[in-house]
Amino acid sequence: MLRSQIRSLSQIHLQPILCTFRRRHIHTARILCQSATVTDSLDLAADSNRLPMSRIDTIRDTLLPDDTISQTSFHKSNSSNDQDNNKSRRMRTNSHHDNVLGFGDLRQQVYKEILDPEESRGVLSTDLPALNRILKGHRPGELTIVTGPTGGGKTTVMSQLSLDYCKSGVPTLWGSFEILNQRLAKKMLYQFASKDLSQYPTELDKWADEFDKLPLYFLKFFSSTAINTVLDACQHAVDQYGVQHIVLDNLQFMLSQQGNSSLDRWELQDRAIHELRSFATTQNVHISLVVHPRKDPGEQMDINSVFGSAKVTQEADNVIILQKEGLGGMQYIDIKKNRYDGTTGVIPYIFERETLKIRSCTEEEMNKVSSRSSHSSSQSSTTRYSSKSFKSGRSF
Ligand SMILES: Nc1ncnc2c1ncn2[C@@H]1O[C@H](COP(=O)(O)OP(=O)(O)OP(=O)(O)O)[C@@H](O)[C@H]1O
């Protein structure tokens, strides 16, 4: 009876204890209990209602006599009355505060990240494998800021990437505040079919039927919309459709005509960023937010080029800049911030008008750029970029 109860706890650090039980080495199991944080595990089992409290207490009392509990207790007893202290500790651990965690509360997630990194890395991009090398996938609970020059392909790239993740089963909600939903959906449909469907009218129904099966939703809003109204609709989509990725394109259009002075507008933007950040965290959804740059720069942009206060990029987990033209006229995705593991880097790409999609450059194309850049650097003092630095994903 006792063995089956303990087995049902299925906590990773209870496994050695279960093992010794199976071999009837009860004494060893007890010793293991003293060294493992088995009390936290039992508390977890109680909190998640996996076993009734009375049974938890039976297991606890059998495996962890009172003197053992006081040894494993994080708060060591100073009183001579050990029994009373043990009881009060149990009361403390059982009536926890929602916003105060111990390592025991995080332990399983930490184990998962260590033992199953693929799982915690998130959904991988099929269209742009180079992105996976840097960002390590698309994860829930994150805020990604995407910026780039006017007409530089922000909507196009976000449309393609969101479709890519959506095809891999990530329910997606699009908030297009700048272009009409039908225009966006047309672009996505072309990207989905990988062709200009106006040239293939007989195939339209076939592709539209397939496209319709995707877990893809659109917000009806257009241009100026209050952040609370937007988040209200997002909450509905999360609750009803299990949406895990929200794309908002773009922040300036969403907040346009709100606030009277430029100071008001910056405050509004900061507040919106704060709301979006906390929505992503509390609802465990990934929010991709397109933000225009401060001004249209003629040269390469950096993290300070994002419009608004520093809060925008501080709150973000990832900052992605679509650089219009690097050396040799090559466009590239520039990952400037990656809170997951800190890897930053660049991905040179080519835009294909037929499919409205981007693709990573081939080695040959990169070598061409490299030789062009070395040629121009021999003529001027411009920095030299090797194809090796492109490939290694190092930042410029
Ligand atoms: N890399 C690219 N090279 C050339 N043309 C592109 C590229 N990406 C997108 N386009 C085309 O340029 C136009 C603008 O693209 P898109 O709307 O994606 O840019 P944007 O950065 O979102 O624009 P805006 O600054 O107005 O929000 C579209 O017609 C699109 O097909």
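Residues numbered from 1 in each chain as written. Predicted model: local features only at pLDDT ≥ 70, side-chain atom pairs only at ≥ 80, totals over all residues. Heavy atoms only, no water.

Trainee: Pulling in residues and values, what's your account of the pattern of salt bridges?
Mentor: Evaluation of the coordinates by the stated rule reveals ten salt bridges. The salt bridge partner of K136 is D341, with a shortest N-O separation of 2.8 Å. In this pair, K136 is assigned in the loop between α10 (129–135) and β1 (143–147) and D341 in the loop between β7 (331–338) and β8 (345–352), connecting sequence segments 205 residues apart. Between R277 and D317 there is a salt bridge, with its nearest N and O atoms 2.8 Å apart. (Salt bridge = Lys/Arg side-chain N within 4 Å of Asp/Glu carboxyl O. Helix = DSSP H or I, 4+ residues; strand = E, 2+ residues; numbered from the N terminus.)

Trainee: Now, about the nonpolar core: what can you tell me, with residues and values included?
Mentor: By size, the foremost hydrophobic cluster in this structure holds 30 residues, and its most contacted members are I145, I246, L248, L251, F279, I287 and L289. Secondary-structure elements contributing two or more residues to this core are β1, α14 (227–241), β4 (245–249), α15 (251–255), α16 (262–283) and β5 (286–290). At six residues, α14 tops the list of elements feeding residues into this core. Here L251 is in contact with Q269, A272, I273, L289, V290 and V291, once residues within four sequence places are set aside. Grouped together as the second largest cluster of nonpolar side chains are 18 residues, W174, F192, W207 and F211 included. (Core = buried A, V, L, I, M, F, W, Y, C linked by side-chain atoms within 4.5 Å. Buried < 20%, exposed > 50% of the residue type's maximum accessible area, 1.4 Å probe, protein only. Contact = heavy atoms within 4.5 Å.)

Trainee: Can you tell me about the packing of aromatic side chains, naming the residues and giving the values?
Mentor: Taken as a whole and judged by the stated rule, the model has four aromatic pairs. Seen in terms of ring centroids, F192 and F211 are 5.4 Å apart; in terms of plane orientation they differ by 70°. Their pairing is edge-to-face. With a gap of 19 residues between them, F192 in helix α12 (residues 181–193) and F211 in helix α13 (residues 204–212) connect regions that are remote in the sequence. Residue class for F192 comes out buried when judged on its relative accessible area of 13%. An aromatic cluster is built from F192, W207 and F211, whose rings are joined through pairwise contacts. (Phe/Tyr/Trp six-rings, centres within 6.5 Å; stacked < 30°, edge-to-face > 60°.)

Trainee: Go over α14, please, and point to the residues and values.
Mentor: With 15 residues, α14 should reach 21 Å at 1.5 Å per residue; the first-to-last C-alpha distance of 20 Å fits that figure. In the stretch just after α14, G242 is the one whose phi turns positive, near 65°. (Expected span 1.5 Å × (residues − 1).)

Trainee: Just give me the short version of the side chain of K357, but keep the residues and values in it.
Mentor: Structurally, K357 can be placed in strand β9 (residues 357–360). As a buried residue without a salt bridge, K357 has its nearest oppositely charged side chain in D127, at a separation of 4.0 Å. Within polar-contact distance, the side chain of K357 engages the backbone oxygen of Q191 at 3.3 Å. Sequence-distant contacts of K357, defined by excluding residues within four places in its chain, comprise D127, Q160, Q191, S194, I350, F351 and E352. (Lys, Arg positive; Asp, Glu negative; His and termini not counted. Polar contact = N/O pair within 3.5 Å; in protein donor to acceptor, adjacent residues only side chain to side chain.)

Trainee: Provide a residue-level description of the packing of α12 against α13, including the pertinent values.
Mentor: Where α12 contacts α13, the two axes come as close as 10 Å, and the packing angle between them is 100°. If you check the angle between α12 and α13, you find them roughly perpendicular. On α13, the residues that touch A185, M188, L189, F192 and A193 of α12 are L204, W207, A208, E210 and F211. Residue composition of the contact of α12 with α13, grouped by class: nine nonpolar, no polar and one charged. (Axes fitted to C-alpha atoms, helices over the stretch in contact; angles between N-to-C directions. Parallel < 35°, antiparallel > 145°, perpendicular 65-115°, else oblique. Nonpolar A, V, L, I, M, F, W, Y, C, P; charged D, E, K, R; others polar.)

Trainee: Account for the sheet that holds β7, naming residues and giving values.
Mentor: If you trace the nine strands from one edge of the open sheet to the other, you get β3-β2-β4-β5-β1-β6-β7-β8-β9, paired in mixed fashion. The sheet is open, and its two borders are formed by β3 (216–218) and β9, each paired with just one other strand. Here the strands of the sheet are splayed against their neighbours by 25° on average, with no regard to which way each runs. Of the pairings in the sheet, the one linking β1 to strand β6 (residues 318–323) comprises four bridges and is parallel in character. Its bridge partner lying in β6, T147 is registered against I321. Its contacts with the sheet put helix α11 (residues 154–167) on β1, β2 (172–176), β3, β4, β5, β6, β8 and β9, and the angle it makes with β2 is roughly 165°. (Pairing = 2+ DSSP bridges.)

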